[in-house]
Amino acid sequence: MFGKKKQTAVRKPSISTPVSLDELKKSLANMSDAQIDIHETISGIKVNLIYIKSLIDNERLNEAIVRPLIHDRSISVNEAIFSSTKVKLFTMDEATVSLLNGDIILYEVITNQWWAVPLPSSLSRSIESSETETILYGAKDSFSEQIDQNLTLIRRRLPIIELKNESFKVGSLSKTTVVLLYIDGLTNPEFITNAKEEINKIDFDFFSDSSQISAFMENGNNSVFPQFQQTDRPDVCARALGLGQLIILVNNTPFALIAPVTVFDLFKSPEDYINRWVVASFLRVIRYMSFFLSIVLIPLYVALTTYHFQMIPLQMLFVLTESRSKLPFTPFWEAFIMLVILEIIKEASLRMPTKSGQTLGVIGGIVIGQASVEAGFASKILIVLVGIAAIASFLVPNYMLTKANTLIQFILLLMASQLGIIGIVIGLIGIIAHLNALTSLKQPYLAPLAPFYLKDWMDVFIRGPVDKEKERPEYLLPLKKWRTSRRN
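How each quantity is defined
- Residues numbered from 1 in each chain as written.
- Predicted model: local features only at pLDDT ≥ 70, side-chain atom pairs only at ≥ 80, totals over all residues.
- Heavy atoms only, no water.
- Pairing = 2+ DSSP bridges.
- Helix = DSSP H or I, 4+ residues; strand = E, 2+ residues; numbered from the N terminus.
- Axes fitted to C-alpha atoms, helices over the stretch in contact; angles between N-to-C directions.
- Contact = heavy atoms within 4.5 Å.
- Buried < 20%, exposed > 50% of the residue type's maximum accessible area, 1.4 Å probe, protein only.
- Arc of directions from axis to C-beta.
- Phe/Tyr/Trp six-rings, centres within 6.5 Å; stacked < 30°, edge-to-face > 60°.
- Lys NZ or Arg CZ within 6 Å of the ring centre and 35° of its normal.

> I'd love a proper account of the sheet that holds strand S5 (residues 113-118), names of residues and values included.
The 5 strands lie next to each other as S1-S2-S4-S5-S3, forming an open sheet whose pairing is antiparallel. For this open sheet the edge positions go to strand S1 (34-40) and strand S3 (87-89), each flanked by a neighbour on one side alone. When strand polarity is set aside, the average angle formed by the axes of neighbouring strands in this sheet is 25 degrees. The strands that helix H3 (residues 58-71) touches are S1, strand S2 (46-52), strand S4 (103-108) and S5; relative to S2, the one it contacts most, it runs at about 165 degrees. Across the sheet, helix H5 (residues 92-100) touches S2, S3, S4 and S5, and the angle it forms with S4 is around 140 degrees.

Next up, the structure:
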């Protein structure tokens, strides 16, 4: 009881509390990087400089603040410090927020006036190529952890006044800046309203990545399918804005969120719009086939060898029987063990340094695979099928979807072991029904298949000629339908 009374007696500055030097010193207690310096100008004005050394640019501090204060003969701080970003402070809340954002707080003792001058330290890394969406041709730049730099990369591609951005703060501890981008007069206002409502409803303490923001905005958190497209490419974001989609930038993460999206958007590569349309269409069809193959191939092997071996050609059946004659496991456990080993190798190769990861790939692919066959843990045919399925899964451009198909593969494997091919069919129907129930920012996730938009099919399974794609996707409900100026 006494402890509680003592805690409630502690005075905490409220939003309306006037800024005070004593209160500010209390707030900075036990912060070794907090600094309070006292300077006096030639004209006798005493000025307190309050700042956090780890957050400011210390070299610019002397040039922009200290030197003008000491040598200037002005009679006030306002005259001595020339800065277009200088703002006057009135409350403790304003002062603490400015300090934590990398501002220098100046306190003029005689007049009791407070000023804040932004001098944040630059920690941004150079602009590098994308590692998650690599392409041979096209732009090579990618986002960094600095949200202002990311915004600049998009604005350079869309130098129009209609490109709007609204800023939000989320996270009671992290105070993460979230910026919502859209093209005014093009993006459907309903999308913008929904996005703002979802961001304002976020109530959590710490955010370290944009995927955590999307988790609070998705309607199907238990789904393996991502309902926001994550990308670190500015050109992909600029194109999405031009089609009528929204972009969400999150500070301290190089990945932006695109919404609303459909499951078909996750199969599109930036290089689709660089290659000739025939080549791009062929590669996109290959991607769909590879995804289907990666989730079905191993379950189909288990179904055929367990329930439907009469469907296997006779010559192939002889080979399969000879290969499995000495195995101690059923087809299900044989496939299950090999898939688990494959996932272990994939996860280990991601966590290890690049050169070690290549060595691990050789060991996992050749040594373990061959040793498993010789030791009698797996058949040669299964090793070949596992390899094909693993390679096929990497053809999907979206990494989040690549991870999702692993879990789908295990679910179909379990259903194939119980019901054979019928189990696989039931599983696929269930996946389609699940996709149909999902939404992305309250828009259908399976569009333009359901609901059906015939014209949008031009850029779903194939990529049509650019000069023929004169209309924006209908399922995005854009305010401007046509991409050519003559028709709008």
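> So what's going on with the environment of Gly138? Residues and values would help.
Considering the arrangement of structural elements, one finds Gly138 in the loop between S5 and helix H6 (147-157). Between the C-alpha atoms of Gly138 and Ser379, which are 241 residues apart in sequence, the distance is 43 Å.

> Describe the side chain of Ser269, and please don't skip the residues or the numbers.
When you line up the elements, Ser269 lands in the loop between strand S10 (256-259) and helix H10 (277-306). Not counting chain neighbours up to four residues away, the residues in contact with Ser269 comprise Ile135, Arg287 and Pro397.

> Any chance you could break down helix H8 (residues 210-217) for me, citing the residues and the numbers?
Within the span of H8, buried status applies to Ser210, Ile213, Ser214 and Met217. Taken end-on, H8 shows its buried residues confined to a sector of 95 degrees, consistent with a single buried face. Those residues of H8 that are buried are in contact with strand S6 (163-170), strand S7 (176-183), helix H7 (189-201), strand S8 (229-231), strand S9 (246-250) and S10.

> Explain the packing of aromatic side chains residue by residue, including any values.
Summed over the entire model, instances satisfying the criterion amount to 15 aromatic pairs. With a centroid separation of 5.1 Å and 70 degrees between ring planes, the pair formed by Phe332 and Trp333 is classed as edge-to-face. On the basis of an interplanar angle of 45 degrees and a centroid distance of 5.7 Å, the ring pair of Phe452 and Trp457 is categorised as tilted. Taken together, the aromatic side chains of Phe264, Phe267, Tyr288, Phe291, Phe452, Trp457 and Phe461 make up a single cluster linked through ring pairs. For Lys86, the ring lying beneath its charged end belongs to Trp115, and the centroid distance is 5.2 Å.

> How would you sum up the pairing of S4? Please name residues and give values.
For S4, the tally of buried residues reaches 6 of 6 residues, placing the bulk of the element in the interior. Relative to S4, S2 runs antiparallel, the two being bridged by 4 bridges. Residue pairing in the sheet places Leu49 in a bridge with Leu106 of S4. Of the strand pairs in this sheet, S4 and S5 are connected by 6 bridges, and their pairing is antiparallel. Looking at the pairing, Ile104 lines up with Val117 of S5.

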